[in-house]
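# Tertiary structure, described
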Amino acid sequence: MPRLASPFRLGLVALLVLSAGACLHFLRDATRGDSRLAAFVSARPPVPIVFTSRTGLASFVPAAPEGEGFRFPGIGPWAAGEGRLRLLTPRGRVIELTWQRPLPDGDTLIDVMSPSVSPDGRRILFSGRRQNDGHGRFRLYEVGVDGRGLRQVPGGPGDPGCEAPPPMRWDSEGRRMPDDARRRLDYDDIDPVELNDAERRILFVSSRSPDLGRDHSRRSTTLWVAGPGGNGRPASGNRNNDRWPCLLSSSYVSFTSWSRNREVLLADRGRIAPLTA
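Residues numbered from 1 in each chain as written. Predicted model: local features only at pLDDT ≥ 70, side-chain atom pairs only at ≥ 80, totals over all residues. Heavy atoms only, no water.

### Thoughts on the pattern of salt bridges
Counting across every chain of the model gives 27 salt bridges. Between D268 and R271 there is a salt bridge; the shortest N-O distance is 2.9 Å. Take D268: its relative accessible area is 45%, and that puts it in the partly exposed class. One network of salt bridges, with partners in common, ties together D120, R123, E142, R151, E194 and R200. (Salt bridge = Lys/Arg side-chain N within 4 Å of Asp/Glu carboxyl O. Buried < 20%, exposed > 50% of the residue type's maximum accessible area, 1.4 Å probe, protein only.)

In structure tokens, the structure reads:
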């Protein structure tokens, strides 16, 4: 995996430019477009642009919301009432890539955020919330720039989810949920970036390390890495929130880190403890 650079404060880039090769690939198949959106196109870009249209600005907030979320479905951070993944072509057409488009199991996505384009310019990775999964948490998806191949990656039925049982403890009827069910449900995967390697691994942000931090009740989010169809593993550590990784041309990764550290390493270098001085 590319080495992680020191945390670097990044502005959230809403629009991502595709490569010229992907542009030609897409234009061969792009025969549709929503004519109702043509009035909102003020200029035709030289290359296709992928972006999200959402009913709120929650994705610009780096920190997870305050709250314990002990009862199902927990607290769903960064959600909007509706979110769509769209593509603006050089001909001024706006293409819907996810809205009302079925996943392999027939479900659809009602909200999306944090898209990125694969290094070869052929796929778009993003975070999405399903219509009918019951918990409404973000998982990772990909779709081709031609609108084909919409699917979830990773997070399938065999994905164990959290490293340890998360805060959510009771179902909607007040009954205690099994630890395994909590681990598979109570987390969000967001901000995916495909790494530039032969394995097509994905670096992403997740709350799979179920830490509420110290002196507050915000879920921590850290960097994770996974293969296209495999389970993830941690790639950073933070009791608060890491967000928005970006693959640089140097093969380093920059990301934003929001932290409020109230602990120190003790003299024996084997333990940490709250700072009291």
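### Overview of the packing of aromatic side chains
What the rule picks out here adds up to one aromatic pair. Lying over the aromatic face of F70, R169 brings its terminal NZ or CZ to 4.7 Å of the ring centre. Seen from the ring of W224, R208 lies directly overhead, with NZ or CZ sitting 5.7 Å from the centre. (Phe/Tyr/Trp six-rings, centres within 6.5 Å; stacked < 30°, edge-to-face > 60°. Lys NZ or Arg CZ within 6 Å of the ring centre and 35° of its normal.)

### Some points on the environment of I190
On the secondary structure map, I190 appears in strand β9 (residues 189–194). For the pair I190 and L203, spaced 13 residues apart in sequence, the C-alpha separation works out to 9.7 Å. Not counting the four nearest positions on each side in its chain, I190 is found in contact with W78, M113, S114, S127, F138, L140, F204, V205 and R243. (Helix = DSSP H or I, 4+ residues; strand = E, 2+ residues; numbered from the N terminus. Contact = heavy atoms within 4.5 Å.)

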